[in-house]
Amino acid sequence: MKYKSCNLIQHGLCFFCNDLVSCCFSPNDQINGGHPPTIIHNYNGELLSKKGLFEKINEFNYIFKQGNCPRECLNCYKIEEKDWEEKQYINSITITHFSHCNADCIYCSNNLKKEERTNDVYEILPVLRDLKKQGIIEKGVELHIGGGEFTIYKECDNLLEEFALSGFANVYIPTNAIKFSDKLDLAIKQGNAGIIVSIDAGTKQTYRKIKRVDAFEKVVENIKRYASKGTERNEVSLKYIIIPTINDNLKEFKNFLKIAKDVGVKNIIIDVDARYSRLLNHNIDYTLLNIGKKYEEIAKASGFTTEMYSFFSQCEIIKTEKENIFNKIKNEIKYRYFNKLAKELYSK
Ligand code: SF4
Ligand code: SF4
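Residues numbered from 1 in each chain as written. Chains lettered and ligands numbered in written order. Predicted model: local features only at pLDDT ≥ 70, side-chain atom pairs only at ≥ 80, totals over all residues.

Trainee: Tell me about the overall build of the protein, and name the residues and values.
Mentor: Broken down by element type, the protein carries 14 helices and 14 strands. On C-alpha atoms alone, the protein measures out to a radius of gyration of 21 Å, which is about the 20 Å that the 2.2 N^0.38 rule sets for 348 residues. With the principal axes as the frame, the protein shows a C-alpha extent of 60 × 45 × 40 Å. Of all intrachain contacts in the protein linking residues separated by at least 6 positions in sequence, the fraction that spans at least 24 positions is 75%. (Helix = DSSP H or I, 4+ residues; strand = E, 2+ residues; numbered from the N terminus. Rg over C-alpha atoms; globule rule 2.2 N^0.38 Å. Contact = placed C-beta atoms within 7 Å.)

Trainee: Before we move on, can you summarise the packing of helix α11 (residues 286–301) against helix α13 (residues 325–337) with the specific residues and values?
Mentor: The contact between α11 and α13 brings their axes to 8 Å, and the two run at 95°. In terms of orientation, α11 and α13 fall into the roughly perpendicular class. Of the residues in α13, those touching α11 at Tyr286, Thr287 and Leu288 are Asn331, Glu332 and Tyr335. Along the lines of polarity and charge, the residues of the contact of α11 with α13 split into three nonpolar, two polar and one charged. (Axes fitted to C-alpha atoms, helices over the stretch in contact; angles between N-to-C directions. Parallel < 35°, antiparallel > 145°, perpendicular 65-115°, else oblique. Nonpolar A, V, L, I, M, F, W, Y, C, P; charged D, E, K, R; others polar.)

Trainee: Break down unusual backbone geometry for me, with residues and values.
Mentor: We note that Asn42 has phi near 50°; this positive angle belongs to a residue other than glycine. Within the element layout of this structure, Asn42 appears in the loop between β4 (38–40) and α3 (50–65). By C-beta crowding, Asn42 is classed as exposed, having 8 other C-beta atoms within 10 Å. Positive phi is not limited to glycine here, since Asn75 has a value of about 70°. In this structure, Asn75 sits in the loop between α3 and β5 (80–83). Looking at Asn75, the number of C-beta atoms within 10 Å reads 12, which means it is exposed. (Buried ≥ 20, exposed ≤ 12 C-beta atoms within 10 Å, placed from the backbone.)

Trainee: With reference to specific residues and values, describe the site of ligand 2.
Mentor: Every residue close to ligand 2 is listed here: Cys101, Ala103, Asp104, Cys105, Cys108, Asn110, Gly148, Glu149 and Asn176. A per-class count over the shell around ligand 2 returns four nonpolar, three polar and two charged. (Near = placed C-beta within 6 Å.)

Trainee: How would you explain the sheet that holds strand β7 (residues 137–145) if you had to name every residue and give the values?
Mentor: Strand order across the open sheet formed by ten strands is β4-β3-β2-β6-β7-β8-β9-β10-β11-β13, with mixed pairing between neighbours. Of all strands in the sheet, those with a lone pairing partner are β4 and β13 (305–308), marking the two edges. Sheet topology note: the strand β9 (residues 193–198)/strand β10 (residues 236–242) ladder contains four bridges and is parallel. Opposite Ile195, over in β10, you have Val236 as the bridge partner. (Pairing = 2+ DSSP bridges.)

Trainee: Please give an account of the packing of helix α5 (residues 156–165) against helix α6 (residues 182–190) that cites residues and values.
Mentor: Look at α5 against α6: their axes get within 10 Å of each other, and the N-to-C directions meet at 15°. Overall, the two elements α5 and α6 adopt an arrangement that is roughly parallel. Crossing of α5 over α6 shows left-handed handedness. On α6, the residues touching Asp157, Leu160, Glu161, Ala164 and Leu165 of α5 are Lys183, Leu184, Leu186, Ala187 and Gln190. A per-class count over the contact of α5 with α6 returns six nonpolar, one polar and three charged. (Left-handed = near helix turned anticlockwise from the far one by under 90°.)

Trainee: Tell me about the nonpolar core, and name the residues and values.
Mentor: The nonpolar side chains of soluble globular proteins are, as a tendency, buried together. Formed by 77 residues in total, the largest nonpolar core has its most connected members in Val171, Ala193, Ile223, Tyr240 and Ile242. Excluding its chain neighbours within four sequence positions, the residues that come into contact with Tyr240 are Asp200, Phe253, Phe256, Ile268, Ile270 and Tyr295. (Core = buried A, V, L, I, M, F, W, Y, C linked by C-beta atoms within 7 Å.)

Trainee: Can you tell me about α3, naming the residues and giving the values?
Mentor: For α3, which comprises 16 residues, the first-to-last C-alpha distance of 21 Å matches the rise-based estimate of 22 Å (1.5 Å per residue) to within 8%. A positive backbone phi angle near 85° is found at Gly67, which sits one or two residues after α3. (Expected span 1.5 Å × (residues − 1).)

Trainee: Could you give an account of the pairing of strand β11 (residues 267–272), naming the residues involved and the relevant values?
Mentor: Within β11, five of the six residues are buried, which leaves it mostly tucked inside the rest of the structure. Pairing of β10 with β11 involves six bridges; the strand directions are parallel. Across the sheet, residue Ile242 finds its bridge partner in β11, namely Val272. In this fold, β10 hands off to helix α9 (residues 250–263), which returns the chain to β11; that crossover is right-handed. Here β11 pairs with β13 via four bridges, running parallel. When the sheet's bridge partners are listed, Ile269 is paired in β13 with Glu307. (Right-handed = clockwise from strand over helix to strand, strands pointing away.)

Trainee: Outline α11, supporting the account with residue identities and numerical values.
Mentor: Across its 16 residues, α11 extends 23 Å between first and last C-alpha, which sits within 8% of the 22 Å expected from 1.5 Å per residue. Within two residues after α11, Gly303 carries a phi angle of roughly 95°, on the positive side.

Rendered as structure tokens:
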């Protein structure tokens, strides 16, 4: 049956620390502080039955089938119109219920203070093993990791064994690469795991400013090991999150590309600090957008593949003024020297 819906509302599970939800994309969640589509409130690692799980999932999907849209999904870019099958299964899982981390990034969207971030959360492996046993999770499932730093999460090795090293899932992991994980390295080399490392800098000083830890050399060395011989495809990506007034200069970005080349990384991801764009109601300053585009061109010209992440594709460009040379200069000055938002966000 053809209608507008979303793969994650039908086949997605996202484990938060207190709730089980469909996704972590909800635009309403991001703008209004509401919740993504919630399957179970006050969830704490209990085993799940197929009936219990799909009752709520079907409620959401019924709204889509009627040609409407659940409030939580309004304006979501993931909605697509196509023939949706009726079969009940899970093909995308996100684990984001832990928050412990060994870095302290200036842009971290985790609202907890560093000392409050924790690994002391419910165990997820028994739940996922049970869903697998019931045949609810499909082989080839995408397993996305969020939350804190996965390599120091208590179930990291066991999850990698069960899902990546066994070849059951494709696992996508953002890691800060401060700790090197042998199991993760093996999964990367096998082609069952991909990592994204945001170093956002080309120098030790800028790295320190953004990540607020002294680990630049160690991180570069660890990325080199992950990306070393045996890494078949683009399993290791380096990310540059543009942080207005901190790393938005060409010299820094070119140093970053040099490091990427030296360590053998082939794919570059460019993004903008999500909180900055969120405060602009998911828009990006015209000047910042041009900076991102320019970085992409330079990376491509240097032989890298590139991805422009969510906040470039999702955001509407502020197009209040036509770009002539006068406006360009005016916008540049406004962005660089009178950026109240950046000052407020990054002065803490
Ligand atoms: S439409 Fe968007 S908000 Fe709704 S489940 Fe899909 S990804 Fe999540
Ligand atoms: S590495 Fe990730 S989880 Fe850790 S502080 Fe940085 S953004 Fe947050």
